[in-house]
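Letter by letter, the chains look like this.
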Amino acid sequence: MAYKVVLLPGDGIGPEVIREARRALERIGGTFQRDFTFSEHLIGGAALKANRPPLPASTLEAAMASDAVLLGAVGDPAFDHLPPGSRPESALLALRKSLGVFANLRPARAWNGLEDNSPLKKETLAGTDMIVVRELLGGLYYGEPREWNRATDQAINTLRYARPEVERVARVAFDLARLRGKRVVSVDKANVLETSQLWRAVVNDVAKSYPDVQLTHEYVDACAMKLACAPASFDVVLTENLFGDILSDEAGAICGSLGMLPSASLGAGPGLFEPVHGSAPTIAGKNIANPCGALLSAAMMLRSGLKLDAEATALERAVEAALASGLRTADLGGTTSTSEFGGAVVRAI
Ligand code: NAD
Ligand code: IPM
Ligand code: MN
């Protein structure tokens, strides 16, 4: 059986970290005798620079026909002046929508040996192992109407959620909790927003089918504080699109670098796997970016996207081994280059 993997390196450090993920996947394929076929396509600023739209039709077609998509990052300061719908980032939003990936899983944990990289105290970090389940296809990101009206100097975005959108992502969070610590914290702003009141009501209804899972609710402002003060108290954090974007970057403090965080975006069709970090334009092209987020996203792709559990574990163990041998990219205070780190992971596989 051949696995069709679409690689979308994108912008900034995207191509550098995806190169290492591809090398690791090729080695996994060799070691486990899996037939991966890779095809690389343009997206984001890289597509705009080639005079194509941010999400070229050929890229979307390939993604839709694939078994899984692995993306680096999109975003390029050269296009920051464009309206949201024309920017590199719009490609990612359109891709997520087309793939129907409504649940974005963003794990964060304390890593042995990286405790000193985190601004959090060692004893605060100890035992932290959490996952943000972020609703990915609704909320402010997609709500209509949306507009910046230059004539009136007003702008509007629309925050709207419907019951089925909340239900399906809540089920993902509860199912996941059953495989972990059996605790879900649902994060909202129900003291102010009607969308959050709906969110809370629906999550309470879904919870009735999961009597073995403990559900609590937290306001997003309080949760942001608790994440910094008591990260080990969390298991599964379920939240809407924008809150999840913000809280998952905050979770980067647990690992000590945004460069460590992977993600998986899941729906009914091919999954989309991407590091949580962006294109980091100021360090792009220098071979100094941390490839761990991309490598661990590739592992999530193996496990959740291609159902290759042993292969996923092997890749994760190899990343752990490279870190355990003391290799650190610049964001973690070391001098290991992106490609040196990737090479060590390939050897460890
Ligand atoms: P960013 O994640 O690119 O960078 C934030 C900080 O973290 C920077 O200091 C950067 O150097 C550092 N960093 C990020 N990833 C790193 C890595 N792998 N190794 C070492 N250091 C790393 O976020 P930003 O600066 O706010 O945004 C830059 C661009 O990326 C923008 O255009 C933004 O829209 C885009 N973006 C894209 C995605 C995505 O494609 N999923 C996510 C976030 C931001
Ligand atoms: C992320 C990014 C994206 C988001 C942007 C680039 C559209 O920040 O994946 O976290 O906000 O979802
Ligand atoms: Mn983000």
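Everything quoted here is computed from the prediction, not taken from an experiment. Along every chain, residues carry numbers that run from 1 in the direction the sequence is written. Following the order in which they are written, the chains are lettered starting with A and the ligands numbered starting with 1. Residue-level local features of this predicted model are given only where pLDDT is at least 70; pairs of side-chain atoms are given and counted only at 80 or more, and the full residue set underlies all totals for whole chains, interfaces and linings. Side-chain measures here rest on the full set of heavy atoms in the structure, leaving out hydrogens and waters.

Asker: How would you explain helix α12 (residues 309–324) if you had to name every residue and give the values?
Answerer: Numbering of helices and strands runs from the N terminus; a helix is a DSSP stretch of H or I covering at least four residues, while a strand is a stretch of E covering at least two. Multiply 1.5 Å by the residue count of a helix minus one, and that product is the helix's expected span. Taking 1.5 Å as the rise per residue, α12 with 16 residues should run 22 Å; its terminal C-alpha atoms sit 22 Å apart, in good agreement. The classification of residues rests on relative accessible area computed with a 1.4 Å probe and restricted to protein chains. Under 20% of the type maximum is buried, over 50% is exposed, and intermediate values are partly exposed. Those residues of α12 that fall on the buried side of the exposure criterion are E311, A312, L315, E316, A318, V319, A322 and L323. Along α12, the residues classed as buried sweep out an arc of 155 degrees about the axis, all on the same side. Two residues or fewer past α12, G326 is found with a positive phi of approximately 100 degrees. Here the arc refers to the directions that run from the helix axis out to each C-beta atom.

Asker: Could you give an account of the layout of surface pockets, with specific residues and numbers?
Answerer: The method works on a 1 Å grid over the protein atoms by themselves. A cavity is a set of points holding a 1.4 Å probe that cannot get out, a pocket is an open set with protein on both sides within 12 Å along at least five of seven lines, and residues with an atom within 4 Å of a point line them. Grid points are joined across faces, edges and corners, and a volume is the space filled by probe spheres set on the points. When its volume is computed, the largest pocket comes out at roughly 780 Å³. Forming the walls of the largest pocket are 28 residues, and the residues nearest its centre are P107, I131, L176, M300 and R303. Among the elements of the structure, β4 (103–109), β5 (129–135), α6 (163–178), α11 (292–305) and α12 are those that each provide at least two residues to the lining of the largest pocket. Polar here means any residue outside two lists: the nonpolar Ala, Val, Leu, Ile, Met, Phe, Trp, Tyr, Cys and Pro, and the charged Asp, Glu, Lys and Arg; Gly therefore counts as polar. Here the lining of the largest pocket is composed, by residue class, of 18 nonpolar, two polar and eight charged. Here the lining of the largest pocket spans two domains, since at least three of its residues come from each of domain 1 (1–101 + 261–349) and domain 2 (119–254). Here the second largest pocket is characterised by a volume of approximately 510 Å³. As for the second largest pocket, its lining consists of 19 residues, and the residues nearest its centre are P83, P84, G85, R146 and N157. Looking at the lining of the second largest pocket element by element, the count peaks at three residues for helix α4 (residues 88–99). As annotated, the domain borders come from an automatic or database domain assignment.

Asker: Which residues make up the domain arrangement of the protein chain, and what values do they have?
Answerer: Its domain assignment divides the protein chain into domain 1 (1–101 + 261–349) and domain 2 (119–254). Counting residues at the interface gives nine residues for domain 1 and 10 residues for domain 2. Regarding the contact of domain 1 and domain 2, the summed buried area is about 830 Å², with carbon and sulfur atoms giving 65% of it. Any carboxyl oxygen of Asp or Glu within 4 Å of a side-chain nitrogen of Lys or Arg constitutes a salt bridge here. In this assembly, domain 1 and domain 2 are joined by zero salt bridges. Two residues qualify as a contact provided that any one of their heavy atoms is within 4.5 Å of a heavy atom in the partner residue. Values labelled buried area give the accessible surface lost by two parts on being combined, using a 1.4 Å probe and summing over both.

Asker: If you had to explain the site of ligand 2 to someone new, which residues and values would you point to?
Answerer: The rule for a residue being near a molecule or strand is that one of its heavy atoms must lie within 4 Å of it. In the vicinity of ligand 2, the contacting residues are E89, L93, R96, R106, R134, Y141 and D245. Within the side chain of R96, a nitrogen or oxygen atom sits 2.7 Å from an oxygen atom of ligand 2. The Shrake-Rupley method, run with a 1.4 Å probe, gives the accessible areas here. Residue values count only the displayed protein chains as cover. Protein contact buries 79% of the 320 Å² of open area that ligand 2 shows by itself. Broken down by element, the shell around ligand 2 gets its largest block of residues, three residues, from α4. Classifying every residue of the shell around ligand 2 by side-chain character gives two nonpolar, no polar and five charged. Each of domain 1 (1–101 + 261–349) and domain 2 (119–254) accounts for three or more of the residues forming the shell around ligand 2. Polar contacts here mean pairs of N or O atoms no more than 3.5 Å apart (in protein, one a potential hydrogen donor and the other a potential acceptor; neighbouring residues in sequence count only if both atoms are side-chain atoms).

Asker: Describe the pattern of salt bridges, and please don't skip the residues or the numbers.
Answerer: Enumeration according to the criterion identifies 23 salt bridges in this entry. Its salt-bridge partner being D80, residue R87 comes within 3.1 Å of it at the nearest N-O pair. Here the residues in one salt-bridge network are R163, E167, R171, D205 and K208, joined through shared partners.

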